[in-house]
Amino acid sequence: MKKINAWVGLALLVVLVVAPAYFKNYGIHLFTTWLVFIIATMGLNLTVGYAGQKSLGHAAFFGIGAYTVALFLKAGLGFWLALPTGALLCFVVGLIVGFPALRVQTIYLAFATLGFNTAMWLVMRNEEWLTGGTFGINNIARPSLLGLSLDGNLAYYRFVLAMAVLLGLLLWGLLRSPWGKAFTALRDNPIRAESLGVDTRAYTLMSFAIGAAYAGVAGGLYASQVQFIDPALFTVGASIMMYLMVVVGGPGYFFGPVLGSAVGVILPEWLRFAQGWYLMVFGSAVVLLMIWLPDGLLSIPDRWRARHQSRRASEQRRVAAHSGGAA
């Protein structure tokens, strides 16, 4: 399975490197947005899929990262200072938001994070002296790297792709470390994990903090991509869409955010042939998918494998029973 994942990842990387060179500007913009949401949902997948927490406040962290980059650039400070600052700020806020998870779980935790998202959205909308309110912040510059300008759409796409690969490798290393095993133990059975010496409080907080930091990086990249932000981008609805991306792709699967973000970002564009009905078509497709595949699209191979093993075990039992009867 690991070899398959490695080959799939390599093939996907080749496609992402080569294909956009043949796209027009809108296609490049669409793929850049896809990569940004892959980064954001990688963090949410850690919180939801691997650590088993519930979070409907991810768009707030996305917004904190975006506004940090926008405000730093507006003040004349560099992008390379703004981006890690936004990630660090999201990490700290994520630690704080994670504390309710030590007290409540499931739907109650989801409501707590939803309330946090609403509070942050109100700050972004109402504190005009800082965020520009509903007018937003425009003329957000794109960075340069080692003297190379990233103003062009294709150049900026390749930069975001490099960031996505780097952050993906960091997450892969984290999940293969003892931390990753602790996160999955926390998800599967917190009581048993604690009895085995796992500090469930610390790992719960870290799952929120690391996931928030990924969203902060994604938000900063998105701000420079679109060069304009306003509070409408960071509503509870955006958090629900990110959660949906994780669930559709497959929570707890490493490539789940890649597939889930494609469903949330690229699929609606392909459905625009339906004109005014495309949102209904998209929503209906997601509902049917959740009915038939509650563990996401990437659970299909596992379901096939489990079904095959079940049939083989049944056949072995039948053969054993027949042999016993003949004896």
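Right above here is the structure, for reference.
Reference entry: report on the structure contained in this document. Note that the structure is a prediction, hence the values are computed from the model and not measured.

Before going further, it helps to spend a moment on helix α11 (residues 236-249). The end-to-end C-alpha distance of α11 is 20 Å, a good match for the 20 Å that 14 residues give at a rise of 1.5 Å each. For α11, the full list of buried residues reads Val236, Ala238, Ser239, Met242, Met245, Val246, Val247, Val248 and Gly249. A positive phi of about 130° marks Gly250, the residue just after α11.

Moving on to the packing of aromatic side chains. To describe a pair of aromatic rings, you give the distance between the ring centres and the angle between the ring planes. Under the defined criterion, the tally for this structure stands at 17 aromatic pairs. A centroid spacing of 6.2 Å and a plane angle of 70° characterise the contact between Phe79 and Phe159, whose relative ring orientation is edge-to-face. With Phe79 in helix α4 (residues 79-98) and Phe159 in helix α7 (residues 153-176), this pair connects stretches of sequence that are 80 residues apart. Accessibility classification places Phe79 together with Phe159 in one group, the buried group. Connected via pairs of aromatic rings, a cluster forms that spans Phe37, Phe62, Tyr67, Tyr222 and Phe234. Looking at Arg142, its charged tip hangs above the ring of Tyr156, at a distance of 4.9 Å from the centre.

Its 27 residues place the ends of helix α10 (residues 200-226) 39 Å apart at the C-alpha level, agreeing with the 39 Å of an ideal helix rising 1.5 Å per residue. Counting buried positions along α10 yields 24 of 27 residues, so the element is predominantly enclosed. Phi for Gln227, located one or two positions after α10, is positive at around 65°.

It is worth spelling out the pattern of salt bridges at this point. Tallying each qualifying case throughout the model produces 1 salt bridge. Across the pair Asp188 and Arg187 runs a salt bridge whose closest N-O atoms are separated by 3.0 Å. Here Asp188 falls in the partly exposed class, since its relative accessible area comes to 48%. Of the residues examined, Arg187 reaches a relative accessible area of 34% and is grouped as partly exposed.

Tracing the backbone shows Ser299 in the loop between α13 (278-292) and α14 (300-326). Since its relative accessible area comes to 2%, Ser299 is described here as buried. Engagement of the side chain of Ser299 in a polar contact is seen with the backbone oxygen of Gly296, the distance being 2.6 Å. When sequence neighbours within four positions are dropped, the list of residues in contact with Ser299 reads Tyr253 and Leu293.

This part covers the packing of α4 against α10. It is the contact of α4 with α10, at a shortest axis distance of 7 Å, that shows an interaxial angle of 145°. Judged by the twist between their axes, the crossing of α4 over α10 is right-handed. Within the contact of α4 with α10, the residues separate by chemical class into 15 nonpolar, 6 polar and no charged.

Moving on to empty space enclosed by the protein. Summed over all chains, the structure comprises 1 cavity of 30 Å³ or more. Within this model, the largest cavity holds a volume of roughly 40 Å³. Among the elements that make up the lining of the largest cavity, the one with the highest residue count is α10 (3 residues). A class-by-class count of the residues in the lining of the largest cavity yields 4 nonpolar, 4 polar and no charged.

A few words on the layout of surface pockets. Within this model, the second largest pocket holds a volume of roughly 590 Å³. Within the residue set of the lining of the second largest pocket, elements represented by two or more residues are α2 (25-50), α11, α12 (256-270) and α13. Considering only residue class, the lining of the second largest pocket consists of 16 nonpolar, 5 polar and 2 charged.

Take the side chain of Arg142 next. Among the structural elements, Arg142 can be located in the loop between β1 (137-138) and β2 (144-145). With no salt bridge to any partner, buried Arg142 finds its closest opposite charge in Asp151, at an N-O distance of 5.8 Å. Among the polar contacts listed, one links the side chain of Arg142 to the backbone oxygen of Asp151, at a separation of 2.8 Å. Sequence-distant contacts of Arg142, defined by excluding residues within four places in its chain, comprise Leu150, Asp151, Gly152, Asn153, Tyr156, Ser224, Gln225 and Gln227.

Here the focus is a nonpolar patch on the surface. Residues Trp7, Leu10, Leu13, Val14, Val17, Val18, Tyr22, Phe23, Val165 and Leu169 make up a contiguous nonpolar surface patch of roughly 990 Å² in combined accessible area. At the level of elements, α1 (2-18) and α7 are the ones that each hand at least two residues to the nonpolar patch. When residues of the nonpolar patch are assigned to their parent elements, the largest contribution, 6 residues, is made by α1. By secondary structure assignment, the location of Phe23 is in the loop between α1 and α2.

Reading guide: rules and limits
Residues numbered from 1 in each chain as written. Predicted model: local features only at pLDDT ≥ 70, side-chain atom pairs only at ≥ 80, totals over all residues. Heavy atoms only, no water. Helix = DSSP H or I, 4+ residues; strand = E, 2+ residues; numbered from the N terminus. Expected span 1.5 Å × (residues − 1). Buried < 20%, exposed > 50% of the residue type's maximum accessible area, 1.4 Å probe, protein only. Phe/Tyr/Trp six-rings, centres within 6.5 Å; stacked < 30°, edge-to-face > 60°. Lys NZ or Arg CZ within 6 Å of the ring centre and 35° of its normal. Salt bridge = Lys/Arg side-chain N within 4 Å of Asp/Glu carboxyl O. Polar contact = N/O pair within 3.5 Å; in protein donor to acceptor, adjacent residues only side chain to side chain. Contact = heavy atoms within 4.5 Å. Axes fitted to C-alpha atoms, helices over the stretch in contact; angles between N-to-C directions. Left-handed = near helix turned anticlockwise from the far one by under 90°. Nonpolar A, V, L, I, M, F, W, Y, C, P; charged D, E, K, R; others polar. 1 Å grid on protein atoms, 1.4 Å probe; cavity = no way out; pocket = protein on both sides within 12 Å on 5 of 7 lines; lining within 4 Å. Points joined across faces, edges and corners; volume = space filled by probe spheres on them. Lys, Arg positive; Asp, Glu negative; His and termini not counted. Patch = residues over 30% accessible without salt bridge, like charges linked within 9 Å, V, L, I, M, F, W, Y side chains within 5 Å. Areas by Shrake-Rupley, 256 points an atom, 1.4 Å probe, with all protein chains shown as cover.

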